[in-house]
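Listed below, chain by chain, are the residues.
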Amino acid sequence: MGLKEDMMDMGFGEHRTTRALRAVQYSSLEHAIAWLEAHENDPDIDDPIEESGGNVLGSADPEAPAQSAGEGEAAPTPLTEEEKAAKAAEIQARIAERRKIAEEKDKEDAVMREKIRRKEGQSLAEMREKRREDEMKQLAEERRRQKKEDERARKEVLENIKRDREAKLAKKEETPAPTP
C-alpha cells in the first residue's frame, strides 16, 4: 500500500493528499501530514491538481518514494492501522484546536471592532454637541455685537437730534424777532 492510500485511509481527501505528497516529494507520511497541518487553511488546498507525466523527480510512478541523498538511510516503516487511526485522530484534534483558536480570535476581533465602533459613535456625538455649542456661542456673540451696534446707532441718532435742536435754538436766538 502506498503513501497516498495510507493518507486517504486516515481521512484526508485525494487532492489534499496529492498536494501534500508532492510538496514533500513523497518523502514520508509524517512529512506530508506536517505539510498538511501547515497548509490546512490554504484556499486552493482542495482544488483539483493537473496531472503531469511524472512527479517532481521525473519518475513516472507518482507513488514511488523520492530517493534521498544518503544511500544507507532506511525507508520509513509503514504505519499499522492503529497507528494510522491514532495519527489521524491526533491531526483531527490539532485541526479542531486550531479552528477553536481561530474562532476565539474572530470573537475577540468582533468585540474589539464593536468597541471601536461604539467609541467612534461617542466621539461623533461629542463632536456634534461641541459644534452645536460653538454655534450657540457664536450666535449669542453675534446678538451681543448687534445689540451694542444698535445701541451705538441709537445714541448717535439721539445726539444728532439733540444737536439739531440746539442748532435750531441757537439760530432762533440769533435771528431778531420780527417787529410787528
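Since we're looking at a predicted model, the values are computed, not measured.

Undergrad: Quick question: what am I supposed to make of the overall build of the chain here?
TA: When its secondary structure is counted, the chain shows 4 helices and 0 strands. Buried positions account for 17% of the 180 residues belonging to the chain. In the structure as shown, the chain presents an accessible area of about 14,700 Å², 53% of it carried by carbon and sulfur atoms.

Undergrad: Mind showing me how you'd approach the nonpolar core here?
TA: Within soluble globular proteins, side chains that are nonpolar generally end up buried alongside one another. Ranked by internal contacts, the top residues of the largest apolar core, which has 18 residues, are M7, M10, F12, L29, I33 and L36. Residue assignment for this core shows that the elements contributing at least two residues are helix 1 (3-9), helix 2 (14-23), helix 3 (29-38) and helix 4 (81-174). With 5 residues, the top contributor of residues to this core is helix 3. Once you skip the residues sitting within four places of it in the chain, I33 turns out to touch M7, M10, F12, K87 and I91.

Undergrad: Hey, could you run me through the layout of surface pockets in this one?
TA: With a probe scaled to a water molecule rolled over the atoms, the places where space remains empty come into view. By volume, the second largest pocket is sized at about 200 Å³. Contributing to the lining of the second largest pocket are G11, F12, G13, R16, E40, N41, Q92, I95, R98, R99 and A102. For the lining of the second largest pocket, the residue count by class is 3 nonpolar, 4 polar and 4 charged.

Undergrad: What is the right way to look at the packing of helix 2 against helix 3 in this model?
TA: Two quantities define a packed helix pair, namely the angle between the helix axes and the distance between the axes. Interaxial distance between helix 2 and helix 3 falls to 8 Å at its minimum, and their mutual angle equals 115°. Relative to helix 3, helix 2 is oriented roughly perpendicular. For the pair helix 2 and helix 3, the sense of crossing is right-handed. Only A32, W35 and L36 of helix 3 make contact with helix 2, whose side of the interface consists of R16, R19, A20, L21 and A23.

Undergrad: Where do I start with the confidence of the model for the chain in this structure?
TA: With 82% of its residues at a pLDDT of at least 70, the chain reaches an overall mean of 83. The element-level mean pLDDT for the chain is lowest in helix 1, coming to 86, with helix 4 highest at 92. With pLDDT under 50 throughout, residues 56-60 is counted as low confidence; its partners more than four residues away or in other chains account for 9 contacts. Below a pLDDT of 50 lies the segment residues 62-73, which in the model reaches 15 contacts outside its immediate sequence neighbourhood of four places, other chains included.

Undergrad: Even after reading the chapter, I still don't get the pattern of salt bridges, so can you show me in this structure?
TA: A side chain of one charge can pair with a side chain of the opposite charge when the charged atoms of the two come close. Following the criterion strictly, the structure yields 16 salt bridges and no others. Among the salt bridges present, the one from E14 reaches K4, with a minimum N-O distance of 3.7 Å. You can see E14 sitting in helix 2 and its partner K4 sitting in helix 1, a full 10 residues away along the chain. By relative accessible area, E14 is classed as partly exposed at 45%.

Undergrad: Looking at this structure, how should I read the packing of helix 3 against helix 4?
TA: As a packed pair, helix 3 and helix 4 sit with axes 11 Å apart at the nearest point and diverge in direction by 15°. The pairing of helix 3 with helix 4 is recorded here as roughly parallel in orientation. Helix 4 is crossed by helix 3, and the crossing has right-handed handedness. Residues E30, I33, E37 and A38 of helix 3 form the contact with helix 4, whose own contacting residues are K87, I91, R94 and R98. Counted by class, the contact of helix 3 with helix 4 contains 3 nonpolar, no polar and 5 charged residues.

Undergrad: Explain unusual backbone geometry here, please?
TA: Generally, phi is negative for residues other than glycine and the peptide bonds are trans, each holding for most cases. One non-glycine residue, Q25, adopts positive backbone phi at about 55°. The class of Q25 is partly exposed, set by a relative accessible area of 37%. Backbone geometry at Y26 places phi at a positive 55°, although glycine is not the residue there. Along the chain, Y26 turns up in the loop between helix 2 and helix 3. Judged by its relative accessible area of 3%, Y26 is buried.

Conventions and cut-offs
Residues numbered from 1 in each chain as written. Predicted model: local features only at pLDDT ≥ 70, side-chain atom pairs only at ≥ 80, totals over all residues. Heavy atoms only, no water. Helix = DSSP H or I, 4+ residues; strand = E, 2+ residues; numbered from the N terminus. Buried < 20%, exposed > 50% of the residue type's maximum accessible area, 1.4 Å probe, protein only. Areas by Shrake-Rupley, 256 points an atom, 1.4 Å probe, with all protein chains shown as cover. Core = buried A, V, L, I, M, F, W, Y, C linked by side-chain atoms within 4.5 Å. Contact = heavy atoms within 4.5 Å. 1 Å grid on protein atoms, 1.4 Å probe; cavity = no way out; pocket = protein on both sides within 12 Å on 5 of 7 lines; lining within 4 Å. Points joined across faces, edges and corners; volume = space filled by probe spheres on them. Nonpolar A, V, L, I, M, F, W, Y, C, P; charged D, E, K, R; others polar. Axes fitted to C-alpha atoms, helices over the stretch in contact; angles between N-to-C directions. Parallel < 35°, antiparallel > 145°, perpendicular 65-115°, else oblique. Left-handed = near helix turned anticlockwise from the far one by under 90°. pLDDT = per-residue confidence, 0-100. Salt bridge = Lys/Arg side-chain N within 4 Å of Asp/Glu carboxyl O.

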